[in-house]
Amino acid sequence: MDFKEKDKMSIQNLIMNLHSFWARQGCYIAPSYDLEVGAGTMTPDTFFRVLDDRPWRVAYVQPSRRPTDGRYGENPHRVQKHFQYQVIIKPSFPDIQQIYIDSLTSLGIPLQDHDLRFDEDNWESPTIGAWGVGWQVLLDGLEITQFTYFQQAGGIDLFPIPVELTYGLERLEMFLEGKDNMYDLWWSDDVSYGDLRLSEEKQFSEYSFNQADTDLLKKSFQMNKKEAQSLIDKNLILPAYDICLKCSHYFNLLDSRGAISVTERMKLIFEIRKLVSQIARKYRSKEDVS
Amino acid sequence: MQFLLEINTEEMPKSHIETALRQLKDSLTEELKLRDIRVSQVRTYGTCRRLVVVSDFSPRQKDKEELLIGPPKSVSLTEDGSFTPAAKGFAKSQKIKLSELEFIKTEKGEYVGLKKVLKGLPTQDILKQILPKIISNLSFPKMMRWSDSPLRFSRPIKNILCLFNQKTLPFTIGGINSSHFSSGHRIHFPRKIKVRSFSEYKKALKKNKVIIDQSARKKMILQQIEKKLSPLNATLFSDEKLLDKLVFDVEHPHVFLGSFPAEYLKLPLEILSTAMREGQNLFSVVQGKKQLPYFIGVADAYRDNKALIRKGNERVLKARLEDARFFWKQDIKSSLSDKSKSLDRIIFQEKLGNYDEKTKRLEKIVSYIADKLEAKKEKKSLLQAASLCKADLLTEMVREFSDLQGRVGGLYAKEEGKPIPVWKAIYEHYQPLSLEDPSPSQLTGAILSIADKLDSTIGVLGIGIEVTGSRDPFGLRRNAQGLCKIILEKRYDFSFSRLLDKVLVIYGDRFLKTKNEIKENSLQFFKNRMQHIFEKQGYRYDLIHAALGSGIDNLLFSHLRLKALDQLKDSPQFEPMILIAKRVNNILRDHPRYKVNEEFFSEKEERDLFTSFSIIEDNALPLIAKGDFSRAQKIVFRIRSVINIFFDNVLVMVEEKRIRRNRLALLQAISALLIQIADYSQIVVTGSDKN
């Protein structure tokens, strides 16, 4: 389905256009992962697939939760949950930059009238031991995509090298609709972003900053950490990884509650990372139960 | 013949472009010169996506003449003029015909032989060989891999254009074949362009909206900025670093002028320009010192007729400024003093405690330094600045713009009405960030900066973290250099060694190592930093070692020592005195300390030496105490003639213990005086190190 002038701009159309474009590039259009994650990079469709050596092309929408970014629905461009469009191409196409540019053109953006820049921005996630070299893509000064060549994940050197394109759907849609307020965006023809998400933002901000039970969170973190280790020891690495993702989310909530000092914060990140490294190694050496 | 190379990549950081061009120029020149190919006029150009080298090389290697020498003529020819077996044997071994043999005149006489001409290889054959190696050997601060390519490079390579003498120079690297094609501007004219020469290349690229020459792009940017700003009677708020980055970030600069709502001008200039620079690469616009509600941006385009670029940037900036204003409003709801009550929630370093503890240490350290510098009236402001200087770490503003720490604290303190010695001290206490950055302008700021940097340095060294050139996560080297720079610039005269002691006492018992160990490590660390500073100032390396060899108890004095040595280094008395000092050192090696007893002098020369030395010492010591090493040195050098007479007439290492030890004691006393001025044994003398 290509963008037509008479179609109203909406997040729904944006997603469908991106799906259509990347499916044409040979991507498997995956469903969103059904756990709380901070970024599309952390989901199994990215994390595990970049670790082995078989080719992989996937594209999916991923709701991403970052409790500390909550603003009670009062800030027009900052939310505790936003939607990423995640693409992984492994090995990266030689002309992937041009293909990415073509994806923007396919959304109807006349790049000739705009300033598109690839601005140096190397990305890293200490929790999953991943880092890469790349850029933030700026469109007239607005960051719309993180473009990264992954070099390591789980502390392991990757080969072949995957390219990760993470579009910020709300940002991109704000550009397309020419709006300053995220909540004014259209998700579908007659449902706005605010209709869908304003209450959620208000309540979750209150929860993350003021109400979440920190004792429960700390206990949950510790108990799940043990469970993850025991599953790793039994070579059930896929369920173990899910549990690490849960730990990571509990950590984010403890952070937004202001319940962890910077020392503890380094300690907890390190603990998750230790588990994820083991998982990555076992996945690589095919030590899992399957 | 003209050589043109363009390596087309994905966007490279500016530092990578510069080092790549430098390496390409150097390796090409070197490799070709090594192979006797003439290289002239290597020019390099770059954009974020292209590395360009253009030059002129001779078409082939210089022919080499090889001289094959055989037996002398005298034994090569028989009486009847035919060749002897010796000559025939030589010709056979060299695989040449007898008819090719020549007679070659050498210094030793005439010999039979052959002048062989090794024809030089065509340059293009050599280039085909060396170019893949040169390119794949380019090294960058960070290398990356992509796809399934075996290459490691700064960023993925997409295309290689290589011409020699107007024809494609074919070679392959990482699966990419060189060709005679380049391409135009990635968005506006992405088409393939065929070229045969540099001038054609430059013109074609310009037509396709790529300006290959970085100095031309810089000129364009500055001209366009001038054009936009002169109607407003305004100028750019200078940001050389940003300008240099943008010169490389765009292949075709298009400057645009945007505006933002004037209400945001209530925000301080530092916050406005940081919000503009970070993430959007925009310049602030000023009229003298007054900030105007405009900004300048540089797009990679050649027009903006629909004003979409400008409007887009305005929208993004407004959102950023709105955030900044929100942060400011939130932050000023509570005072820095109130905020500082939560400093215990922020860890400074895992083993070094939180920022509340650091603040308390800073208060003690600045108090000590203020006493040593006799800064009584500034003490109150100093203590207040110290107690508040880290509170801005708890602000929303610093959380968003971490580069602004210190300055934001100062601005909030100013907003609260704190006096200049307090708010400016907080504002400037991270300065200098580098040796080129200015030191704090106030005495309070200077002392606070020294205290903060020293507290961090001692702490990190104390817990045993190793600092090397490539691993310095806390920026300790920069910290220590900044500290030294302040002390030297402001000429602060106090015992650095005792300050270290004091800081160690203030830290208490949290370190595993002993205080002495940490102090020694720290002194060595600071010695290295002082060496670096002096090297950058251009002093001779051996003079630096000599000056630092006296110890860095007083940093200012180290500098004064160095200056004294530097002043005298070319005078005729300098080197003879160095030789004497070295001779004394050699004699004294491995001997324990002895004390002089005047009764045990037996020779006139040693009594004379002792008398002269005593007078010299009496005159020099007060000068040394004041740091007047220049004059002290001149006085001490007067010992030269009497010590020479001593050496000429007196044997130090005599049998009799009492006399021998006494003579050693005298030399030790002299050496002890010398070392207070400099470790002269470190100084290199021209000619030999004869005694």
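Residues numbered from 1 in each chain as written. Chains lettered and ligands numbered in written order. Predicted model: local features only at pLDDT ≥ 70, side-chain atom pairs only at ≥ 80, totals over all residues. Heavy atoms only, no water.

**Brief notes about the environment of Trp146 of chain B**
Logical step 1: Mapping Trp146 of chain B onto the fold places it in the loop between helix 3 (123–136) and strand 7 (157–164).
Logical step 2: The buried category is assigned to Trp146 of chain B, whose relative accessible area is 9%. (Helix = DSSP H or I, 4+ residues; strand = E, 2+ residues; numbered from the N terminus. Buried < 20%, exposed > 50% of the residue type's maximum accessible area, 1.4 Å probe, protein only.)

**Regarding the sheet that holds strand 8 (residues 167–168) of chain B**
Whether parallel or antiparallel, the strands of a sheet pair through hydrogen bonds between backbone atoms.
All names here are of chain B.
Logical step 1: In space, the five strands of this open sheet follow the order 2-3-1-7-8, with antiparallel pairing throughout. Both edges of this open sheet fall to strand 2 (39–47) and strand 8, since each of them pairs with a single strand only.
Logical step 2: Looking at chain direction, strand 1 (residues 2–9) and strand 3 (residues 50–57) are connected through seven bridges and run antiparallel. Across the sheet, Ile7 pairs through a bridge with Leu51, a residue of strand 3.
Logical step 3: Those strands touched by helix 3 are strand 1, strand 3 and strand 7, and its axis lies near 25° from that of strand 1. (Pairing = 2+ DSSP bridges. Contact = heavy atoms within 4.5 Å. Axes fitted to C-alpha atoms, helices over the stretch in contact; angles between N-to-C directions.)

**A few points about the nonpolar core**
Logical step 1: Met397, Leu454, Phe496, Leu565, Leu667, Ile670 and Tyr680 of chain B are the most contacted members of the largest nonpolar core, which has 140 residues in total.
Logical step 2: Sorting elements by how many residues they give to this core places helix 15 (residues 443–462) of chain B first, with nine residues.
Logical step 3: Other than its neighbours up to four places away in sequence, Leu667 of chain B contacts Val584, Ile587, Leu588, Ile643, Phe646, Phe647 and Val652 of chain B.
Logical step 4: Core analysis: the next-biggest nonpolar cluster, separate from the first, contains 102 residues, Cys27 and Val163 of chain A together with Ile134 and Leu151 of chain B among them. (Core = buried A, V, L, I, M, F, W, Y, C linked by side-chain atoms within 4.5 Å.)

**Quick look at empty space enclosed by the protein**
Logical step 1: As enumerated under the stated definition, the model contains five cavities of 30 Å³ or more in all.
Logical step 2: Approximately 90 Å³ is the volume attributed to the largest cavity.
Logical step 3: Along the walls of the largest cavity sit Asp115, Arg117, Leu138 and Gly141 of chain A together with Leu246, Phe256, Gln280, Asn281, Leu282, Gly297, Val298 and Asn313 of chain B, which together make up its complete lining.
Logical step 4: The residue makeup of the lining of the largest cavity, split by class, is five nonpolar, five polar and two charged. (1 Å grid on protein atoms, 1.4 Å probe; cavity = no way out; pocket = protein on both sides within 12 Å on 5 of 7 lines; lining within 4 Å. Points joined across faces, edges and corners; volume = space filled by probe spheres on them. Nonpolar A, V, L, I, M, F, W, Y, C, P; charged D, E, K, R; others polar.)

**Remarks on a positive patch on the surface**
Logical step 1: Residues Lys364, Lys372, Arg498 and Lys502 of chain B make up a contiguous surface patch of positive charge.
Logical step 2: Relative to the helices and strands, Lys364 of chain B resides in helix 10 (residues 355–372). (Patch = residues over 30% accessible without salt bridge, like charges linked within 9 Å, V, L, I, M, F, W, Y side chains within 5 Å. Areas by Shrake-Rupley, 256 points an atom, 1.4 Å probe, with all protein chains shown as cover. Salt bridge = Lys/Arg side-chain N within 4 Å of Asp/Glu carboxyl O. Lys, Arg positive; Asp, Glu negative; His and termini not counted. Charge placed at Lys NZ, Arg CZ, Asp CG, Glu CD.)

**What to know about the pattern of salt bridges**
Where charged atoms from two side chains of opposite charge approach closely, those side chains can pair.
All names here are of chain B.
Logical step 1: All chains considered together, the criterion is met by 52 salt bridges over all chains.
Logical step 2: A salt bridge links Arg540 to Asp542; its shortest N-O distance comes to 2.9 Å.
Logical step 3: Salt-bridge contacts for Arg663 lead to Glu606; the nearest nitrogen and oxygen are separated by 3.0 Å. You can see Arg663 sitting in helix 25 (residues 657–675) and its partner Glu606 sitting in helix 22 (residues 604–626), a full 57 residues away along the chain. For the residue pair Arg663 and Glu606, the accessibility class agrees, reading buried in each case.
Logical step 4: What you see here is one network of salt bridges that share partners, running through Glu6, Glu11, Arg49, Arg50, Arg186 and Glu251.

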